[in-house]
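Below, each chain spelled out in residue letters.
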Amino acid sequence: MRVIICGAGQVGYGIAERLAAEDNDVSVIDNSPTLVQAIRDQLDVRGFVGHGSQPQILQAAGAEEADMIIAVTLYDEVNMVACQVAHSLFNVPTKVARIRAQNYLRPEFGDLFSRENMPIDVIISPEIEVGEMVLRRIALPGTTDAVRFADGEVAMVAIECLDDCPVIDTPLGQLSELFPDLDAVVVGIWRQGTLFVPHSSDAMMAGDLAYVVAKRDKVRRTLSIFGHDEPTASRIVIIGGGNIGHYVAENIEQRQSKARVKIIEASQERAVAVADTLNRTVVLHGNALDQKVLMEAGIDSADLMVALTNDDQVNILSSVMAKRLGCDSNLALLNNTSYYEFTKTLGIDAHVNPRAVTISKILQHVRRGRIRGVHSVQNGAAEVIEAEALETSMLVGTPLREIDLPDGVRIGAIYRDEKVIMPDGGMMIKAKDRIVIFATAERVKQVEQMFRVSLDFF
C-alpha cells in the first residue's frame, strides 16, 4: 500500500513506524527539516519538507499513486485542506484527518465532511478517543487497558496478576472447569518484556499482564476471579481542564450520578470557561504541583486522581504527590513512552498512551479486509482485531478445533445475531459473524488474509 502521512510528530512517526515495518510504501511530509531528517534516518520511509496541504508537495510525495493520505499535523485546518487537495487533484481513495477542535464535529455541522463538501473518509478526534479510554479505565478499576468491540458487547481488558491472584499457576484449560460462569478467554500474556499467545496447558504467573476477552456483562466477574475487587471511584480529582479533562468530567456527570468530581486547572480563563459548562463538577484554579491546592481539592480523601495535562512531568509529579497525600489510586496521561518503565517505581498505578489510542483508530482503516476495529497493545507487539467473516474465509464452516490457526493467534469471541458466543472446539463460524481475535505483530498479515477477498483490496 502507498501511504502519505502529513505530520512527523509523535503520532505521525508512530504510524510511519508501524506501516513501514509492514513493508508499506510510506512518504512523510512535515515543515520541520529536523523532524523529516530524523524520520528519514530512523525509518525506511521517504521524507519531504513542506506543507502537506500544498499541491506540489503532495505531488512530490507521490499523491498521484497513493492509496491513502493520513493528515495528523498539529493544525486541523492543514489536515482538512490536505485531504481536500488529495481528493480534488489526485483522487486519493482514502483520506484520514485528525481533527482536534470540537466545534468542527458538532452534530449540526455533520455535512461538513461529506464527499460533496470536504471529502474526509475518517475523522480522528484524539480528545474523544483518549477521553473514552480514560472513562473505560475509571469504570473498570483493576484494568490497565480496556477497549470494547462488537457494538460494545465484547470487552478486551488487560489485568495484572498480583502475588495474591487466585488463578496463578492454574493451567488456562482448567479455568472454565473451576469457574463455569467465566465467559472469558485469556488471549495473550505479557511476561517480563515478552508478549505471547498462551496454550491451554500454560499457566499465569505473578507479575504477568493477562489480556482477556470477555462478554461485557462478565467483565467485573472476570476481574474478581483475577483478584481485583476494587470499587468504582466516586470521589475523583482531575488535573487539567483541557479538552480531555473537560470531556471526561462532562461524561462522568452524565454516566455516574453519584460521582463527585473536582478539576484543578492552571489557567484562570480556562477554569472559568470549563466551570460554566459543567453542572456538578467543582473547578479550582491553581497549580496541581502545589500541595495546598491539592489539599483544597480533597486529594487526601479522593478515590482516584486522573492527571490529564499536556505536560508529562506535571502528570507524573502530581500523581506521585497525590498518592503520598492519601489519594487511593492514580491514572496519568503519558506521551513519552520512555517514562513507562518507571511508572510503577514512582507510585503511578496506571497510565494512558494517547499516541497508541490514536494509532489504533487509524490502523482500523489501514488493515485490509472486513476490519471493524483494531486496538494495538504493548506499543505494537500485538493487535486485537474485530473482523467480519466472509463466505470465502478459511474460518467459515469448519469446527474450530480443526482450524490450523498459527501460533500467535487466538480467537476471543464471536458476535452473531447480536449475541456473544465464547469459542469452543466444536463450534463453527458462519459467514457474517464478527470475530474478535488477538494476534501478535508478525501474524497480523495472516489475520488480514483470513478476512479478505479480492473485492476488499484498496
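In this text the structure is predicted, and so the values were computed from the model without any measurement. (Residues numbered from 1 in each chain as written. Predicted model: local features only at pLDDT ≥ 70, side-chain atom pairs only at ≥ 80, totals over all residues. Heavy atoms only, no water.)

A.B. asks: Please set out the UniProt feature "domain: RCK N-terminal" (unreviewed entry) in the protein chain residue by residue, giving values where relevant.
C.D. replies: This chain's UniProt record puts "domain: RCK N-terminal" (unreviewed entry) on residues 1-124 and 233-353. End C-alpha atoms of residues 1-124 are separated by 21 Å, and the span's content is 35% helix alongside 22% strand. The distance from the first to the last C-alpha atom of residues 233-353 is 21 Å, and the span holds 38% helix and 22% strand. (UniProt positions renumbered as here; feature names shortened; annotations may be inferred. Helix = DSSP H or I, 4+ residues; strand = E, 2+ residues; numbered from the N terminus.)

A.B. asks: I'd like a description of the pattern of salt bridges, backed by residues and values.
C.D. replies: According to the stated counting rule, one finds 19 salt bridges in the structure shown. Asp25 serves as the salt-bridge partner of Arg2, at 4.0 Å between the closest nitrogen and oxygen. Within this pair, whereas Arg2 is found in strand 1 (residues 2-6), its partner Asp25 is found in strand 2 (residues 25-30), the two being separated by 23 residues in sequence. Taking the relative accessible area as the measure of exposure, Arg2 reaches 40% and is therefore partly exposed. For Asp151, the salt bridge identified is with Arg434, shortest N-O distance 3.1 Å. Separated by 283 residues along the polypeptide, Asp151 in the loop between strand 7 (143-149) and strand 8 (154-160) and Arg434 in strand 22 (residues 434-440) bring together distant segments of the chain. The class of Arg434 is buried, set by a relative accessible area of 13%. Connected through salt bridges with shared partners, the residues Arg2, Asp25, Arg46 and Glu65 form a single ionic network. (Salt bridge = Lys/Arg side-chain N within 4 Å of Asp/Glu carboxyl O. Buried < 20%, exposed > 50% of the residue type's maximum accessible area, 1.4 Å probe, protein only.)

A.B. asks: Could you give me a rundown of the environment of Ala97, with the residues and numbers involved?
C.D. replies: Mapped onto the secondary structure, Ala97 falls in strand 5 (residues 94-98). Residue Ala97 is classed as buried on the basis of its relative accessible area, which comes to 0%. Linking Ala97 and Arg367, residues 270 residues apart in sequence, is a C-alpha distance of 17 Å. Not counting chain neighbours up to four residues away, the residues in contact with Ala97 comprise Ala71, Asn79, Cys83, Ile120, Val122, Ile123 and Ile124. (Contact = heavy atoms within 4.5 Å.)

A.B. asks: Talk me through the UniProt feature "domain: RCK C-terminal" (unreviewed entry) in the protein chain; I want residue IDs and the actual numbers.
C.D. replies: Within this structure's numbering, the places UniProt gives as "domain: RCK C-terminal" (unreviewed entry) are residues 144-228 and 372-453. Measuring from the first to the last C-alpha atom of residues 144-228 gives 12 Å, for a span that is 13% helix and 36% strand.

A.B. asks: Provide a residue-level description of the side chain of Asp303, including the pertinent values.
C.D. replies: Mapped onto the elements of the fold, Asp303 is located in the loop between helix 10 (291-296) and strand 15 (304-307). Polar side-chain contacts of Asp303 include one of 3.0 Å to the backbone nitrogen of Ser234. Apart from residues no more than four positions distant in its own chain, Asp303 is found in contact with Ala233, Ser234, Arg235, Cys327, Asp328 and Ser329. (Polar contact = N/O pair within 3.5 Å; in protein donor to acceptor, adjacent residues only side chain to side chain.)

A.B. asks: Describe the packing of aromatic side chains, with residues and values.
C.D. replies: Scanning the entire structure with this criterion turns up one aromatic pair. With centroids separated by 6.0 Å and ring planes inclined at 35°, the aromatic side chains of Tyr211 and Phe438 adopt a geometry described as tilted. In this pair, Tyr211 is assigned in strand 11 (residues 209-215) and Phe438 in strand 22, connecting sequence segments 227 residues apart. A relative accessible area of 1% means that Phe438 is categorised as buried. (Phe/Tyr/Trp six-rings, centres within 6.5 Å; stacked < 30°, edge-to-face > 60°.)

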